[in-house]
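Overview (structure and organization)
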Amino acid sequence: MSPIRFAIPLCAWRHLCVLRSVQSLRGRQCGGARPRCSSTGLNGERSMEELLRRTVTPLPTYETRDKSPPPPDSSSLEFMYFYRKLNKEQKLVFLEKLSKEFGVDHRGVSELAVKLLDTQLRDSATVLQVEDRLRYSLTPRYRHLLGHISRVEGGVKFLVDLRADVINITTSKVTDSPHMRDLNSTLKSLLSEWFSVGLLRLERITWQSPCELLQKISQYEAVHPVRNWTDIKRRVGPYRRCYAFTHASMPGEPLVVLHVALTQDISDNIQSIVREFATLDAIEEVQKINSAIFYSISSTQAGLQGVELGNYLIKRVVRELQSEFPHMAQFSSLSPIPGFAAWLQGFLGQYRKEGRAAELLSEQEWREVEEVIGAAHGAAALENLRALLGSGEWLRSERLVRTLEPVLMRLCAWYLYGEKRRGYALNPVANFHLQNGAVLWRLNWLADTSPRGIANSCGIMVNYRYFLQETSTNSATYLQNKVITASEQVLSLVSQFHKNSKL
């Protein structure tokens, strides 16, 4: 998302502040002092090997593991500076060398494993000591360097970005190196320790927050893009709350951001939240606040993927809101359904290929669809319907909108409830909230009529409701038994899907 431009004279001074801060950040991207590094050394594998030999020190022996002096900060800074100067292809080569040639000493591990087997009949103290030696030998050589990097200024942020590169490499399939996967696992383990919930700070974002932070909140908003400074001012104004987790090692950098609307009832469309606001100077009437609607949660750091943050943020925010509004009784998300429209196109295509078009809709539904689109019954009508759904042109016909409502609602219910990956919900947003113990509570028709909402989910949104006394049970049921807790509305729609789709 491009930086927001001010349109309100009152906020002009804040805009200048943001621009200056961004320029300052750009100027400091390489971080502090620049260690010497030959410009020609950035090309070729020899300079990489030399750099790695200098900075990735050998693993201390088991006996000296607690006595070895740490490497100088200059080694960490040199490693960081060198890596930042590499292009995408060079980073791949560099990380493959780091992970493979400076990882675990596999021969030493094998020898200790054999020794452990040989000591099984010895006393417990001997066995435990050999086990501890084996455990230590499984430490990758580069792990100590990563730990030292975390202690220099900007080091933790560097490692978060480094893991983002590793994730991008492994998921793009440019390499299937098991050593790269082990590097990713090591980084994730370290970051999970450093970003444990006890070390995170919950911060409420208001219009008085630093302008650099407001700028980042706006840029990181991934669900409902912020249009301008008036928009962000309203999203942190009356009847709205915005919270973020921050970390001492990454000051001024929000890690995960949650936007909340304070309403009387559980919202069923996003326009009422992101387009309709109270006046900026309105006084909140507490008696009108009975529900907290989590309408956007965004993780800002790709390198923290898989590190549990969003779940804890919601729990902390619930406690904050309960403290502020003791009478508040309802907590729910209003969530997008990314991937539904793409899944729907594939699903309809499969039915067409199998010659089962007639099974998707009732006879009455097909008659109305065929009359509106002017297509013959069967595969041709289904293909025309696919094209209309793909282009969004179906919204132009009120009759087609009415006809398709029950069809798309039951298909969407099945997508959320029935489509699985390894037994868990295929949709990532559904999987997130269900893991947290929420209930798949209500599907909302034409809840997001923005171009993005229509393209992603045919305008349908969903409420995942948090019944606080039941979240632990629901979470355990889902994680352990892969059972989704759903409302009567959703189960009824799923039943209609089975009936009409002949499943």
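Quantities reported herein were computed from a predicted structural model and do not represent experimental measurements.

The next point concerns the side chain of Thr126. The residue Thr126 is located in helix 6 (residues 124–137) in this model. By relative accessible area, which is 18% here, Thr126 ends up buried.

A few words now on helix 16 (residues 379–391). In an α-helix, one full turn covers 3.6 residues, which means residues spaced three or four apart are oriented alike. Taking 1.5 Å per residue, 13 residues should reach 18 Å; helix 16 reaches 18 Å between its end C-alpha atoms and fits that length. As for helix 16, its buried residues are in contact with helix 14 (340–353), helix 15 (363–373) and helix 17 (398–418). Immediately beyond the C-terminal end of helix 16, within one or two residues, lies Gly392, with a positive phi of roughly 85°.

Let us now look at the sheet that holds strand 1 (residues 200–204). Strand order in the open sheet formed by seven strands is 1-2-3-4-5-9-8, and the pairing between neighbours is mixed. The sheet is open, and its two borders are formed by strand 1 and strand 8 (439–444), each paired with just one other strand. Sheet twist, expressed as the mean angle between neighbouring strand axes with direction ignored, is 30°. Pairing analysis gives five bridges linking strand 8 to strand 9 (residues 461–466), with the strands arranged antiparallel.

Locating Leu214 in the fold gives a position in helix 10 (residues 211–220). By relative accessible area, which is 0% here, Leu214 ends up buried. Sequence separation between Leu214 and Trp229 is 15 residues; the distance between their C-alpha atoms is 9.2 Å.

All told, the structure shown has 21 salt bridges when counted by the stated rule. The partner of Glu101 in a salt bridge is Lys97, and the shortest N-O contact between them spans 3.6 Å. One end of the pair, Glu101, and the other, Lys97, are both in helix 4 (residues 88–101), four residues apart, so they sit about a helical turn from each other. With a shortest N-O distance of 2.6 Å, Arg396 and Glu393 are connected by a salt bridge. The class for Arg396 is exposed, based on a relative accessible area of 70%.

Attention now moves to the environment of Thr55. Within the element layout of this structure, Thr55 appears in helix 2 (residues 45–55). A polar contact of 2.9 Å, which involves the side chain of Thr55, links it to the backbone oxygen of Leu51.

Here is a general trend for soluble globular proteins: nonpolar side chains tend to be buried in one another's company. In terms of nonpolar packing, the biggest core is built from 109 residues, with Phe195, Phe294 and Leu321 touching the most fellow members. With twelve residues, helix 17 is the single largest residue contributor to this core. Setting aside residues no more than four positions away along its own chain, Phe294 makes contact with Leu258, His259, Val260, Ile314, Val317, Val318, Leu321, Phe331, Ser332, Ser333, Leu334 and Tyr466.

Counted under the stated rule, the structure contains 17 aromatic pairs. Measuring from ring centre to ring centre gives 5.6 Å for Phe82 and Phe94, while their planes differ by 35°; the resulting arrangement is tilted. Taken as a pair, Phe82 in helix 3 (residues 73–84) and Phe94 in helix 4 lie far apart in primary sequence, twelve residues in all. Across the pair, Phe94 and Phe82 agree in class, each one buried. Between Trp394 and Trp445, the aromatic rings sit 5.9 Å apart at their centres with planes inclined by 45°, giving tilted as the arrangement. Note that Trp394 is positioned in the loop between helix 16 and helix 17 and Trp445 in the loop between strand 8 and helix 19 (451–457), a separation of 51 residues in sequence. Judged by relative accessible area, Trp394 falls into the buried class, the value being 0%. Relative accessible area serves as the criterion here: at 17%, Trp445 is assigned to the buried category. Here a set of aromatic residues connected by ring pairs shows up, and it is made of Phe340, Trp343, Phe347, Tyr351, Trp414, Tyr415 and Phe497. Positioned over the ring face of Tyr351 is Arg356, at 4.3 Å from the centre of the ring. Across the ring face of Trp441, the terminal group of Arg465 is positioned such that the distance to the ring centre comes to 4.9 Å.

Criteria and thresholds
Residues numbered from 1 in each chain as written. Predicted model: local features only at pLDDT ≥ 70, side-chain atom pairs only at ≥ 80, totals over all residues. Heavy atoms only, no water. Helix = DSSP H or I, 4+ residues; strand = E, 2+ residues; numbered from the N terminus. Buried < 20%, exposed > 50% of the residue type's maximum accessible area, 1.4 Å probe, protein only. Expected span 1.5 Å × (residues − 1). Contact = heavy atoms within 4.5 Å. Pairing = 2+ DSSP bridges. Axes fitted to C-alpha atoms, helices over the stretch in contact; angles between N-to-C directions. Salt bridge = Lys/Arg side-chain N within 4 Å of Asp/Glu carboxyl O. Polar contact = N/O pair within 3.5 Å; in protein donor to acceptor, adjacent residues only side chain to side chain. Core = buried A, V, L, I, M, F, W, Y, C linked by side-chain atoms within 4.5 Å. Phe/Tyr/Trp six-rings, centres within 6.5 Å; stacked < 30°, edge-to-face > 60°. Lys NZ or Arg CZ within 6 Å of the ring centre and 35° of its normal.

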